Structures are given as structure tokens and as C-alpha cells.
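What follows is each chain in one-letter form.
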There are 2 protein chains.
Amino acid sequence: MFGIAAVDELVSLLRRLPGIGPRSAQRISFELLVRKRELMPLLAAALLRANGEIRHCQRCNNLADADLCAICRSDRRDHGVLCVVESPADVLAIEATGIYNGDYFVLMGHLSPLDGIGPEALHLERFAERIALADLREVILATNPTVEGEATAHFLGGMMRREGVAVSRIARGVPVGGELEYVDRGTLGRALTGRRALED
Amino acid sequence: MFGIAAVDELVSLLRRLPGIGPRSAQRISFELLVRKRELMPLLAAALLRANGEIRHCQRCNNLADADLCAICRSDRRDHGVLCVVESPADVLAIEATGIYNGDYFVLMGHLSPLDGIGPEALHLERFAERIALADLREVILATNPTVEGEATAHFLGGMMRREGVAVSRIARGVPVGGELEYVDRGTLGRALTGRRALED
Ligand SMILES: [Zn+2]
Ligand SMILES: [Zn+2]
């Protein structure tokens, strides 16, 4: 509490952002007010603009500034392959690998019954529509390798028991470049049971 | 780069806030857009309100929503004592001790010749006005115990060589509750040279 309403309000709203605690909310507020005044109207305008323009792609559920996102609109992507991820950040991470050229479906979360996030909280009606499209050949389940991500992948797998669509899960194992002694037990166990024959 | 102008603009503005790197700017933006839409107009309004209402107190230079801040206006404070600090956060920290009841002067920075911050970048004309007020008896220099804070305290001390005003510097030594073996060398040396006779 700084004791000035306009400052305290700013601090308490900043605290509701992920990763920003009370001290850092205060620090950001003071920095804006003392040294970065010019940022304040710019940031306000950017928030209002993004809030007004950004919606969910009707096909893949990712953030978009039109009914369809650029990937869903593109005629250079293979719309017969679908990669299911939890968040827009995961799309960025996979795009950055440069080895995937299919479509995505962005769940915007994962199943987490303990937190009250059941199938209805995810956008599964949109997912059902997407996998019903005629030309789909393959679905890659790329939810996180966490308890919730695995449960989500399992649930989605159950939605896709129909002929002609290959369903796979991304490989789990030791991270490339990592050293075995620093890898956690679960990952190492998964890497052993998931071992693959050496290629010639 | 998410590839949507409204999102990328928001991310790049958030990155200019202190303590927010590229990943956390992205995470905040996605969180707002996916799960916290209602925060976006509220935060925009709070930024515009604070930018419009907050100015510097004409007497102590702290952030204020009127010409004079609440401390400078108060008839319960001892306006004959002045504590000079670097930032509004320092005022909060000293107020939280509950043992100080004088005025403040907030420099909003410190001298740092290497970064091009000379006396003219601080609000020293306002400081000169403040120390010229008739009833001032004592000035406590509470700038940080850093190289820049010490240099600033030294410079301000030089501005106050006039009769009748006691000038002091906050004590530097081992932090209360700390263990000697974990205290850095400079602090420990300062605690030794600044030793005080045991009171009965
Ligand atoms: Zn899309
Ligand atoms: Zn004041």
C-alpha cells in the first residue's frame, strides 16, 4: 500500500499477472511513474487493441486476429496432419524447430480434474469439429509430458478411435544434449522402456 | 514474435518493464488473452488514471496525487527533520519501521557519473529549496549503502554546510539477525570500523 489510490490500484492489478509478486508490481509501477511515463499510454492502448482484435481461430482455437489464423488459412501447410498442443507458446516452440508443416489444435489448457478442469472446460467441441474434417490423415498428441498432459492425451486418443486416422504421441525420453546423471528418474525410466532399435 | 501485430506489440511493450524478459512478456500476454480478458480494460484504465493523476510532490519530490503529498501536508509529522532517500520504495521501507516521524526528500535516483547521471539529473533544485525552509533542524542521509548511494550522500552533505542543521548518515554494519560468516567483507569491515561503545 503506497497510500495513493491511483498507485495502489495499478499495483494490485499488476499483481494479478502471472509471475508478478507484490514487490515486482510495486517496482514496475514506480518505474513507470518515475522514469517511463511515455510507456503508460502506449501500454494502455496496446491492451485495449489486443483485447479488441484478438479472438480464437474457429478451426484450431489458437489466438488469431481474424476468423481463421494464418496457419489455418495457409495453402503451404499440410492440413491433413494435426498437432494438438496445450498453449500458443507450444505452437511457437514447435514452429521454431522448423520440422513440422501441418496444422495445430490449441486446447488452451489441459484436463485437471483436481482443479475442476474437465473436458467441458477445454474447447473439445471445436476439437471434435476439427477432427471430423474429411482430409485428416494423422493426429500428433503433443500435450506436455506431465500427469495432466498425459491424461489429456489419453482422453483425446479415446475421442479418435475411428478408421483411417493415425494417432501418435510425441516421444518422451532423455533431452538431447542432457547428461544422464542429471535426468530425473521418471524421464530416464521412460527413455529405457521407450528404447528403439539402432538404425544402420 | 507470435506473428499477430496486436499480440507482438503488447509483448514488446511489456518487455520494457523492469524484471520482465521476453518469455515472461509472452506468458503475461497469453495469460491475459486466454484467461484474463477482464483484466485488460481494467489495467489499461489504471495506467491512464495513474499517468493522469500522479505527479511529484512540490516539497519532497515523492509521487503524489496533489501538489503536496500526505506526509508533507500532515500536521502530525515533524517537519524539522528530513530523511533523504533514493526512491518511493525507500519511503515505504522506512515508514514500515514505525520509528521515523519526520519528512522525506525523494531523489528518484542517485548520482552515477559513469551512467551520465550527474547532479542536474536529480531534483536537486527542489532539494535546495527544501533545505532552505526555515524550521529544518536535522537531515538524515538515507541513500543506499552502495558506491552510488555513498557518493550521492557525500555530494548532498556538501550542499548543507550551513549552521544549525545536523547532518547524519544512516548506520552501516551487519544486518540484524544475520550471521557473521555470511556477511560480505565490505559490510563486516564497515561494522568493525563503525563500532560503538557498549551501553550500560
Ligand atoms: Zn487456426
Ligand atoms: Zn511531499
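For every chain, the first residue of the written sequence is number 1, and numbering continues from 1 along that sequence. Whichever chain is written first is A, and whichever ligand is written first is 1; the rest continue in order. Only residues with pLDDT of at least 70 get local features here, since the model is predicted, and only at 80 or more are side-chain atom pairs given and counted; chain-wide, interface and lining totals rely on the full set of residues. Heavy atoms from the whole structure form the basis of all side-chain values; hydrogens and water molecules are not counted.

- As recorded in an unreviewed UniProt entry, chain A goes by Recombination protein RecR and comes from Acidithiobacillus sulfuriphilus.
- UniProt positions are given in the numbering used here, feature names are shortened, and annotations may be inferred rather than shown by experiment. Per its UniProt entry, chain A bears the Sequence similarities (unreviewed entry) comment "Belongs to the RecR family."
- UniProt annotates chain A under Function (unreviewed entry) with the comment "May play a role in DNA repair. It seems to be involved in an RecBC-independent recombinational process of DNA repair. It may act with RecF and RecO."

**What to know about the interface of chain B and chain A**
Reasoning step 1: Listed as interface residues are 50 residues of chain B and, on the opposing side, 50 residues of chain A.
Reasoning step 2: Here chain B and chain A share an interface that buries about 4,800 Å² over both sides, 73% of which is from carbon and sulfur atoms.
Reasoning step 3: The largest per-residue losses of area from chain B upon contact with chain A belong to B:P18, B:L47 and B:L63, which jointly make up 12% of the total buried on that side.
Reasoning step 4: Any Lys or Arg side-chain nitrogen found within 4 Å of a carboxyl oxygen on Asp or Glu counts as a salt bridge. Joining chain B to chain A, the criterion identifies four salt bridges.
Reasoning step 5: The shortest N-O distance in the salt bridge between B:R16 and A:E38 comes to 3.7 Å.
Reasoning step 6: Pairs of N or O atoms are called polar contacts if they sit within 3.5 Å, as long as, within protein, a hydrogen donor faces a hydrogen acceptor (for residues adjacent in sequence, only side-chain-to-side-chain pairs). At the boundary of chain B with chain A, the tally comes to ten residue pairs in polar contact (both at pLDDT 80 or more).
Reasoning step 7: Broken down by element, the residue count for the side of chain B that touches chain A peaks at 13 residues, all from helix 3 (residues 39–53) of chain B.
Reasoning step 8: Each residue is assigned to one of three groups, with Ala, Val, Leu, Ile, Met, Phe, Trp, Tyr, Cys and Pro labelled nonpolar, Asp, Glu, Lys and Arg labelled charged, and all others, Gly among them, labelled polar. Within the side of chain B that touches chain A, the residues separate by chemical class into 34 nonpolar, four polar and twelve charged. Between two residues, a contact is recorded if the distance between any of their heavy atoms is within 4.5 Å. Accessible area, probed at 1.4 Å, shrinks when two parts are joined; the buried area is that loss added up over both. Numbering goes from the N terminus for both helices and strands, where a helix is a DSSP run of H or I of at least four residues and a strand is a run of E of at least two.

**Overview of the coordination of the zinc ion (ligand 2)**
All names here are of chain B.
Reasoning step 1: Each metal site is built from N, O and S donor atoms within 2.8 Å (3.2 Å for Na, K and Ca), and since water is not included, such sites may look incomplete. Around the zinc ion (ligand 2), the protein supplies C57 (SG), C60 (SG), C69 (SG) and C72 (SG) as donor atoms, at distances of 2.3 to 2.4 Å.
Reasoning step 2: Note on geometry labels: four donors, all angles 85 to 135 degrees, give tetrahedral; four donors become square planar and six octahedral when opposite donors are over 155 degrees apart and every other angle is between 65 and 115; remaining cases are irregular. Its four donor atoms give the zinc ion (ligand 2) angles of 104 to 120° at the centre, a pattern that matches the tetrahedral case.
Reasoning step 3: In primary sequence terms, the donor set of the zinc ion (ligand 2) follows C-x2-C-x8-C-x2-C. In this pair, the class of C57 matches that of C60, namely buried. Exposure is judged per residue with a 1.4 Å probe applied to protein chains only, and the accessible area is read against the type maximum: over 50% gives exposed, under 20% gives buried, and values in between give partly exposed.

**Description of the pattern of salt bridges**
Reasoning step 1: Here the structure, examined in full by the defined rule, presents 24 salt bridges over all chains.
Reasoning step 2: Across the pair A:E53 and A:R49 runs a salt bridge whose closest N-O atoms are separated by 3.1 Å. Within this pair, A:E53 and its partner A:R49 are both found in helix 3 (residues 39–53), separated by four residues, close to a single helical turn.
Reasoning step 3: Judged by relative accessible area, which is 31%, A:R49 ranks as partly exposed.
Reasoning step 4: Between B:E9 and A:R49 there is a salt bridge whose closest N-O contact spans 3.3 Å. Taken as a pair, B:E9 in helix 1 (residues 5–14) and A:R49 in helix 3 lie in two separate chains rather than in one.
Reasoning step 5: Taking relative accessible area as the criterion, B:E9 reaches 30% and is therefore assigned partly exposed.
Reasoning step 6: One network of salt bridges, with partners in common, ties together A:E9, B:R49 and B:E53.

**Some points on helix 1 (residues 5–14) of chain A**
Reasoning step 1: For helix 1 of chain A, a buried count of seven out of ten residues is recorded, marking the element as mostly surrounded by other parts of the structure.
Reasoning step 2: For helix 1 of chain A, the full list of buried residues reads A:A6, A:V7, A:D8, A:L10, A:V11, A:L13 and A:L14.

**A short note on the environment of A:I131**
Residue and element names in this part refer to chain A.
Reasoning step 1: Mapped onto the elements, I131 comes out in helix 6 (residues 124–131).
Reasoning step 2: A relative accessible area of 6% means that I131 is categorised as buried.
Reasoning step 3: Residues I131 and C60, 71 residues apart in the sequence, show an inter-C-alpha distance of 10 Å.
Reasoning step 4: What I131 contacts, discounting residues up to four positions off in sequence, is L82, L136, M159, M160 and R162.

**Some thoughts on the side chain of B:R169**
Reasoning step 1: Assignment of secondary structure puts B:R169 in strand 6 (residues 166–169).
Reasoning step 2: Among residues more than four places away in sequence, those in contact with B:R169 are B:L141, B:A142, B:T143, B:N144, B:P145, B:G149, B:E150 and B:A153.

**Re the relation of the copies chain B and chain A**
Reasoning step 1: In screw terms, the move from chain B to chain A is a rotation of 180° and a rise of 0.0 Å along the axis, fitting with an RMSD of 0.0 Å. When the rotation and shift are considered jointly, the pair of chain copies conforms to a two-fold rotation axis. For chain B, the residue whose C-alpha comes nearest the rotation axis is B:A44, separated from it by 2.0 Å.
Reasoning step 2: When you check the interface residues of chain B against chain A, 100% turn up at the interface there too, and the contact is symmetric in its surfaces. Least squares is used to superpose the copies, and the fit set is the C-alpha atoms of residues whose pLDDT is at least 70 in both copies.

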